[in-house]
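Okay, here's what each chain looks like letter by letter:
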Amino acid sequence: MGFDRNTVIGFVLIGALLVAMLVMNNRSQTIYQAEQKRIADSIAKTQPKVDSNKIKQEAALVDSVKKTQAAGDFQKYAQGSRQELVLENDLVKVVFTSKGGQPETVELKKYKTHDGKPLVLRSGDGNRISYLFKSGNNLTAQSADLYFVPGSKQTGADGSQSVSFSIADSAGKSIEHVYTLYPGQYMLDFNLKMKGADKLVTQNLLNLQWQTAAPQVEKDIKYEKQQVNICFLENDDYDFEHPGSGGDKKFSKPLSWVSVKQQFFASTLIAKDKFQSGEIVWKVPDDSAKTVVSTDAALKISVPNGSDVTIPMQLYYGPSDYNVLKKYGNQLQNIVPYGSGVFAFVKYINRHFLLPVWDFLTSNIASYGIVILLLTLFIRLLTSPILYKSYLSGAKMKVLKPEIDALKAKYKDDQQAFSMEQMKLWRSAGVSPLGGCLPALLQIPIFMSLYYFFQSNISLRGQSFLWAKDLAAYDSIATLPFSIPFYGDHVSLFTLTATITSLLISLYSMSNMQDNSNPVMKYMPYIFPVLLLGVFNNLPAALTWYYTVSNLITLILQFVIQKYIINHDKLKVQIAENRKKPVKTSGWQQKMQEMQEKNKQLQDMRGKTGKK
């Protein structure tokens, strides 16, 4: 079907008309909306202004009335003013508030934040200890909502200091919080005493709430968040959870303690007679909040039978220092992450080998950078026999290279036959194909133990070395105006030295390989160092400094062993002598040979079937 000239013109005019109508309609809508907004604004101007502060005050008043009513027989404690008491020793300063009779701020006196400010581990409204109790007939109140009466500070003969806070009703029921701090201790004893406990709690069970808001104290909040763990001892078995972006954990078995471990510090609530059960919920706020994690634990604790009872608890606010925590017992030292997951076993290397050596060195040497150098030198010399066996195996392979090349030329595409003949050649020469691999694999646990050790050792915190201001954080010689994916927004010089020395090791090893004809192998020396560049850039300077020193020692050992210790002429003679001896086949080699022969037979059978 065709269209004449008039029809086409008609369609064009209709289209133009539709477009014009759409434009006019949109314009009308815009004018209409603007007019409606003008009318609304005019009406709003005539209305009385809403006072947001007044609304908040009214809401606070309503909340206050509710709390006063809930206080029941303890109503006189529903209103009051905050009063403070302080317990302090050489390590910690704890400020208590009468509101809830609980710690309000906790300052660790031996430590500072990354920017030199006092390190306050607990402060603000995000921290709270409270429990629900029967305040009257069909009434319950939260202890944190009441103003306790502070008692006078007491000093014991052992130098301990105690403060108490109490409330009581007219019928003789009372609640008292007693806190005791001992000299040279981070642990704070917390005894909850009740008179008339049978009338204050239901079914001998107290519902305790423990809230924490762990503040940022390290330079890199993202890295600090990665080091946070929610730790607990349930049924005498230690475990932990990574916060991730948030989560929760329910406890159905008796719980000794629960702890919020930051990178180097911990806040821990301990029940001497254990919590019966409970649950903890955690959230990870946005970086702008300057809080690495906030937690809310609801814990059930059994109350002994009787009228006058004491519920013994403890609060630990202090460093996640293995030596410090171990003194308190109850497996608290497990908080320090010296190994986890697949590499959980390396924590025993760290605890019983590396840590004693480290403590010995740091007690005699002031510079922690030099301590790391000496520790690395000690470990590398200790493992040098393993390295020697690896290089010796490589040297033997290099001697056999011409014969292996001949076998390749002979069998060409028959990979199965080549593998069998190569195995026979190695056995006759007394060479183990795993001689170079196993020593390298044995060094992995050592590297991983040091990886965990340097990330978790609080003694590195604040220690400077060369250009690194803090060995427990990344060193930075330049800050970039942008962030590079997989790398970051800064330049770590120790990461560069670790990467460069790792590249030199790879290139040196490639030059000594008996077979570097594989094109893939040409790029291998560059892959691992590039990965290191991204992975190590945000890691502690202690770790990248260790890796730099370790690489330099490896380069020196490689050169010395291959040039001055391994005698290649004697090696050739030894291989020739081995060939004259009866070939001894290990169980593993025998199994490998049998598997290769079976595979060869199967390939031969398939080849014959294919020809038919």
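Here the structure is shown first, and the text comes after it.
All figures in this text were calculated on a predicted structure; none of them were measured in a lab.

Parameters and conventions
Residues numbered from 1 in each chain as written. Predicted model: local features only at pLDDT ≥ 70, side-chain atom pairs only at ≥ 80, totals over all residues. Heavy atoms only, no water. Helix = DSSP H or I, 4+ residues; strand = E, 2+ residues; numbered from the N terminus. Buried < 20%, exposed > 50% of the residue type's maximum accessible area, 1.4 Å probe, protein only. Contact = heavy atoms within 4.5 Å. Areas by Shrake-Rupley, 256 points an atom, 1.4 Å probe, with all protein chains shown as cover. Pairing = 2+ DSSP bridges. Axes fitted to C-alpha atoms, helices over the stretch in contact; angles between N-to-C directions. Phe/Tyr/Trp six-rings, centres within 6.5 Å; stacked < 30°, edge-to-face > 60°. Lys NZ or Arg CZ within 6 Å of the ring centre and 35° of its normal. Parallel < 35°, antiparallel > 145°, perpendicular 65-115°, else oblique. Left-handed = near helix turned anticlockwise from the far one by under 90°. Nonpolar A, V, L, I, M, F, W, Y, C, P; charged D, E, K, R; others polar. Salt bridge = Lys/Arg side-chain N within 4 Å of Asp/Glu carboxyl O. Core = buried A, V, L, I, M, F, W, Y, C linked by side-chain atoms within 4.5 Å.

> For this particular structure, what's the right way to read the overall build of the protein?
Looking only at helices and strands, the protein features 16 helices and 22 strands. Taken over 612 residues, the protein has a buried fraction of 42%. A separation threshold of at least 6 residues defines the contact pool for the protein, and within that pool the share at least 24 residues apart is 64%. Only carbon and sulfur atoms are counted for the fraction: they give 57% of the accessible area of the protein, which is about 32900 Å².

> What is the right way to read unusual backbone geometry from this model?
The backbone phi angle of Asn138 is positive, close to 60°, even though this residue is not glycine. Within the element layout of this structure, Asn138 appears in the loop between strand E5 (128–136) and strand E6 (139–142). Even without being a glycine, Asp236 presents a positive backbone phi close to 65°. With respect to the helices and strands, Asp236 occurs in the loop between strand E13 (229–234) and strand E14 (237–241). The class for Asp236 is partly exposed, based on a relative accessible area of 41%.

> Just to check I follow, could you spell out the sheet that holds strand E1 (residues 84–88) for this structure?
Each strand in a sheet pairs with another by means of backbone hydrogen bonds, the pair being arranged parallel or else antiparallel. The four strands lie next to each other as E1-E2-E3-E4, forming an open sheet whose pairing is antiparallel. Unpaired on one side and paired on the other, E1 and strand E4 (118–122) mark the two borders of the sheet. Direction aside, the axes of adjacent strands within the sheet are offset by 25° on average. Where strand E3 (residues 102–112) and E4 come together, four bridges link them in antiparallel fashion. In the strand pairing of E4, Lys112 is matched with Pro118.

> Which parts of the structure should I look at to understand the packing of aromatic side chains?
Each aromatic ring pair is characterised by the separation of its centres together with the angle its planes make. Applying the stated criterion to the full structure yields 27 aromatic pairs. With 6.3 Å between their ring centres and 55° between their planes, Tyr131 and Phe133 make a pair best called tilted. Taking relative accessible area as the criterion, Tyr131 reaches 1% and is therefore assigned buried. A relative accessible area of 1% means that Phe133 is categorised as buried. Aromatic rings pair up to connect Tyr322, Tyr338, Trp358, Tyr368, Phe453, Phe454 and Tyr546 into one cluster. Stacked on the ring of Tyr474, the Lys or Arg Lys219 has its end atom at 4.1 Å from the ring centre.

> Can you help me understand the packing of helix H6 (residues 346–364) against helix H11 (residues 444–456) in this one?
Helices that pack against each other are described as a pair by the angle of their axes relative to one another and the distance between those axes. The N-to-C vectors of H6 and H11 enclose an angle of 70°; their axes lie 10 Å apart at closest approach. Relative to H11, the element H6 lies roughly perpendicular. Considering the relative orientation of H6 and H11, their crossing is right-handed. Of H11, the residues touching H6 (which contributes Val346, Ile349, Asn350, Leu354, Leu355 and Trp358) are Pro445, Met448, Ser449, Leu450, Tyr452, Phe453 and Phe454. Residues that form the contact of H6 with H11 fall into these classes: eleven nonpolar, two polar and no charged.

> Honestly, the sheet that holds strand E19 (residues 291–302) in this entry has me stumped. Any pointers?
Read from one edge to the other, the open sheet built from six strands follows the order E6-E5-E12-E19-E18-E15, with strand pairing classed as antiparallel. Since the sheet does not close on itself, it has two edges, and those belong to E6 and strand E15 (246–251), each with one partner. Each strand of the sheet is rotated relative to its neighbour by a mean of 15°, with strand direction disregarded. Pairing analysis gives six bridges linking E15 to strand E18 (residues 277–283), with the strands arranged antiparallel. For Lys250, the partnering residue across the bridge sits in E18 and is Glu279.

> What's the story with the pattern of salt bridges in this structure? I'm lost.
Side chains that differ in sign of charge can pair as their charged atoms come close. One pass over the full model with this rule turns up twelve salt bridges. Put simply, Glu104 and Arg82 hold a salt bridge, and the shortest N to O gap is 2.9 Å. On the criterion of sequence distance, the pair formed by Glu104 in strand E3 and Arg82 in the loop between helix H2 (52–71) and E1 is long-range, its members being 22 residues apart. Linking Lys117 and Asp115 is a salt bridge whose minimum nitrogen-to-oxygen distance equals 3.9 Å. According to the relative accessible area criterion, Asp115 is partly exposed, its value standing at 43%. Residues joined by salt bridges that share partners form a network here, namely Lys67, Arg128 and Asp145.

> Would you mind showing me how to read the side chain of Ser456 here?
By the secondary structure assignment, Ser456 is in helix H11. Looking at Ser456, the relative accessible area reads 4%, which means it is buried. The contacts of Ser456, once residues within four sequence positions are left out, are Phe264, Ser320, Val336, Pro337 and Tyr338.

> Sorry if this is basic, but what is going on with the pairing of strand E17 (residues 265–275) here?
A regular strand carries its side chains on alternate faces of the sheet. Taking burial as the measure, the eleven residues of E17 include eight buried ones, the bulk of the element. Between strand E16 (residues 255–261) and E17, which pair antiparallel and follow one another directly, the connecting turn spans three residues. Pairing analysis gives seven bridges linking E17 to strand E20 (residues 308–319), with the strands arranged antiparallel. Looking across to E20, one finds that Ala266 is bridged to Gly318.

> Could you clarify how one ought to interpret the packing of H11 against helix H14 (residues 541–565) in this entry?
At a minimum axis distance of 8 Å, the contact between H11 and H14 shows a crossing angle of 150°. Here H11 is positioned roughly antiparallel relative to H14, judged by the angle of their axes. Here H11 runs over H14; the crossing is right-handed. Residues Phe447, Leu450, Tyr451 and Phe454 of H11 lie in contact with H14, whose contacting residues are Ala542, Leu543, Tyr546 and Tyr547. A class-by-class count of the residues in the contact of H11 with H14 yields eight nonpolar, no polar and no charged.

> Which parts of the structure should I look at to understand the nonpolar core?
Note that soluble globular proteins tend to have their nonpolar side chains buried in a common cluster. Counting residues in each nonpolar core, the largest one holds 114 residues, and the members touching the most others are Met194 and Phe454. Among the elements that line this core, the one with the most residues is H14, at ten residues. Ignoring anything within four residues of it in the chain, the contact list for Met194 reads Tyr131, Ser174, Ile175, Leu200, Val201, Leu206, Ser307, Asp308 and Val309.

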